[in-house]
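# Analysis of the macromolecular model
One letter stands for each residue in the lines below.
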Number of protein chains: 2
Amino acid sequence: MAAAQSPPPADRRDDVAPAPCPPVIAEIRGEREFVRRLAIELSHAPAPNSVPFGDDMAELGGDWLWTTDTLMDGVDFDARVHNWRQIGRKAMAVSLSDCAAMGTTPHRALLSLVLNDTLAMADGLDIVRGARDCGERFGCSLIGGDTNSWPHPTVITTTIAAIAEDGPPLLRSTACAGDRLFVSGPLGGSILGRQLTFEPRVSLGRALARGARPSAMMDISDGVVIDLARICEASHCGAILNAAELERAVHDDAHRLALQDGKAAREHALYDGEDFELLVAMPPNRVLAAEQLGFLPIGEITRGPGIRLRDELGRVSELEVRGWEHFR
Amino acid sequence: MAAAQSPPPADRRDDVAPAPCPPVIAEIRGEREFVRRLAIELSHAPAPNSVPFGDDMAELGGDWLWTTDTLMDGVDFDARVHNWRQIGRKAMAVSLSDCAAMGTTPHRALLSLVLNDTLAMADGLDIVRGARDCGERFGCSLIGGDTNSWPHPTVITTTIAAIAEDGPPLLRSTACAGDRLFVSGPLGGSILGRQLTFEPRVSLGRALARGARPSAMMDISDGVVIDLARICEASHCGAILNAAELERAVHDDAHRLALQDGKAAREHALYDGEDFELLVAMPPNRVLAAEQLGFLPIGEITRGPGIRLRDELGRVSELEVRGWEHFR
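In this report, the structure presented in the accompanying data block is examined. (Residues numbered from 1 in each chain as written. Chains lettered and ligands numbered in written order. Predicted model: local features only at pLDDT ≥ 70, side-chain atom pairs only at ≥ 80, totals over all residues. Heavy atoms only, no water.)

### What to know about the interface of chain A and chain B
Taken residue by residue, the interface counts 62 residues in chain A and 61 residues in chain B. Taking both sides of the interface into account, the surface hidden between chain A and chain B amounts to around 5400 Å²; carbon and sulfur atoms contribute 70%. Considering only the surface of chain A that becomes buried against chain B, Trp66, Met121 and Ile143 of chain A emerge as the three largest contributors, covering 13% of it. Between chain A and chain B we count four salt bridges in total. Between Glu41 of chain A and Arg132 of chain B there is a salt bridge whose closest N-O contact spans 2.9 Å. Counting every contact that joins chain A to chain B gives 12 residue pairs in polar contact (both at pLDDT 80 or more). Elements supplying a minimum of two residues to the side of chain A that touches chain B: helix H2 (30–41), strand S1 (58–61), strand S2 (64–72), strand S3 (105–116), helix H4 (121–137), strand S4 (141–150) and strand S5 (155–163) of chain A. Residue contributions to the side of chain A that touches chain B peak at 10 residues, all from S4 of chain A. (Contact = heavy atoms within 4.5 Å. Buried area = accessible area lost by both parts, 1.4 Å probe. Salt bridge = Lys/Arg side-chain N within 4 Å of Asp/Glu carboxyl O. Polar contact = N/O pair within 3.5 Å; in protein donor to acceptor, adjacent residues only side chain to side chain. Helix = DSSP H or I, 4+ residues; strand = E, 2+ residues; numbered from the N terminus.)

### Looking at the pairing of strand S8 (residues 238–242) of chain B
All names here are of chain B. In terms of burial, S8 is a largely internal element, five of the five residues being buried. Residue alternation in S8 divides its side chains into two sets, Gly238, Ile240 and Asn242 and Ala239 and Leu241, and both sets are buried. Bridge count for S8 against strand S10 (residues 296–302) is four bridges, and the pairing is antiparallel. Paired with Gly238 across the two strands is Thr302, which belongs to S10. Looking at chain direction, S8 and strand S11 (residues 307–310) are connected through four bridges and run parallel. Of the residues in S11, the one forming a bridge with Ala239 is Ile307. (Buried < 20%, exposed > 50% of the residue type's maximum accessible area, 1.4 Å probe, protein only. Pairing = 2+ DSSP bridges.)

### Digging into the sheet that holds strand S7 (residues 216–219) of chain A
Residues and elements named next belong to chain A. Read across the sheet, seven strands follow the order S7-S9-S6-S10-S8-S11-S12 without closing on themselves; strand pairing throughout is mixed. Each end of this open sheet is capped by a strand with a single partner; those strands are S7 and strand S12 (316–318). Going across the sheet, the axis of each strand differs from the next one's by a mean of 25°, ignoring polarity. In this structure, S7 lies alongside strand S9 (residues 278–282), joined through four bridges in antiparallel fashion. The residue of S9 that forms the bridge with Met217 is Val280. Helix H6 (residues 202–212) contacts S7 and S9 of the sheet and is inclined by roughly 15° relative to S9. In the packing of helix H7 (residues 224–235) onto the sheet, the strands contacted are strand S6 (180–183), S7, strand S8 (238–242), S9, strand S10 (296–302) and strand S11 (307–310), and the crossing angle to S7 comes to about 145°. (Axes fitted to C-alpha atoms, helices over the stretch in contact; angles between N-to-C directions.)

### Observations concerning the side chain of Asp275 of chain B
Residue and element names in this part refer to chain B. Following the sequence through the fold, Asp275 ends up in the loop between helix H10 (265–271) and strand S9 (278–282). A relative accessible area of 3% means that Asp275 is categorised as buried. Side chain to side chain, Asp275 and Arg194 meet in a polar contact 3.1 Å long. Once you skip the residues sitting within four places of it in the chain, Asp275 turns out to touch Leu187, Gly188, Ser190, Arg194, Phe198 and Ile220.

And the structure:
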């Protein structure tokens, strides 16, 4: 799977020239570039190959897939504001969202803790309880891990193993020109609280894997524009968002945040991170299934590259691809 | 597996009263106590149950087991001294050593990086290369992970999934009174360099799982006395070490370090961490197999609790149980 990305399916993609292999460039900027370089470094791994490198989960063997995510105090949570149980919950929920993003069923989890050494042991236990309880609600058992302490901020790593019980995992690399884009809920302003309390869309992901089978799916962790760009890069295509549709996909939190900071609510919807909603590309003949599941339309996949916005008057402009990235 | 610890095998243990369940105490001290509390918190997980909570790996499903370990700059390595490729190698080797400790065969790995944000991207790639190359030597493919950055020291988490191909995993909870204790190589002074360059004993662990089948096995990561105490606690027994045998299990590095710091070389052998040798308890009728594999005898498992030392004159004294622990 860590080999070159899957070629586009021939039946619907024969007119799309595959992008050339990512070049090894001297100057590296940003997380996307780092991940590209990693794909090259890990391209010789003799692994299963139906899930390309860089998707939300990696293949483990048989029907198993797995994912690992690290959260850091001061970046992904704020120990001065959030309580440890909420923080533990988020550590589990972020990885559960990766399972949702592939349409897989989470089964078991490991938790590796690096606790700041001023924490009480009870705080560490609260992290574990928060993670355990969140996992259990989705049938995912926290069964072990690693414990450490140090004088720096707390770091929590969750690893989840899941099974593709409802059909092959849904990838981000198989979107097709003409697919309609949907999100599973309104976007933006998660920093007002949803970043800690969001519901991983595990059931919805499984329902899609079982029935409607989007062409491509991922979860929105870093902002819909940058995550859509990841789908487009992996699928060698572009996308256009419709401003009129987007208006109905702006979360109330984005409107509230806009009142506070003077930015447009739509900016928050497009660029804020940590929505943890599902972003799906639906073939035209399965659009109804997405609508029936309550998904909100936001645009469509295009043949040409780039992420664009069609405004209410039909004018099209390029959208800047930015969002949460490490190594900026 | 996270339920109560396995009862001792009835055939050879009927005279050993099992220790009572760990009490929930108000004051918590040290990593051992934290892990004991975690075992209680996670005791309701509906998981496979042949591997008790707290062993070197946890059960995943089928013949799969997995393990996760986090290394931190300033604790497990020193970025001012070690290069990033060596550090990446160690991150993989520590988890491979957990596979060795259960007699399992490592297959796939994930790596989660939290890089200090002054690092060059090339440094991050070197960590990945070091981990990848180390894994590949043992047939373990690094296939994905997570990348992050922050302004604090670098943190690296490795997760490995392995298969018990050579028989059921070898546990730390099944030692029996009368077993002879062996180590796979001399101990102590790893800080002089072996802490970065040690060889995970994967082949040796598999050979034991296939043939000699120790009663119990683990890898020595925090010092032979504290790790032996973990075997004894999990197996409801004690141990006695023989000073005369120990002399032959003191590493040259321990002697060299003793010359530098004035401590006894044996102290280093007993209490230094990061030997990453295997510690095995062999039934009396399989001692020869351990000797043929080059293992060094150091003592035996006893019915009564505690870790003791028999000196050259036959006098027995209690050994203090200490070594590397977080949350001291």
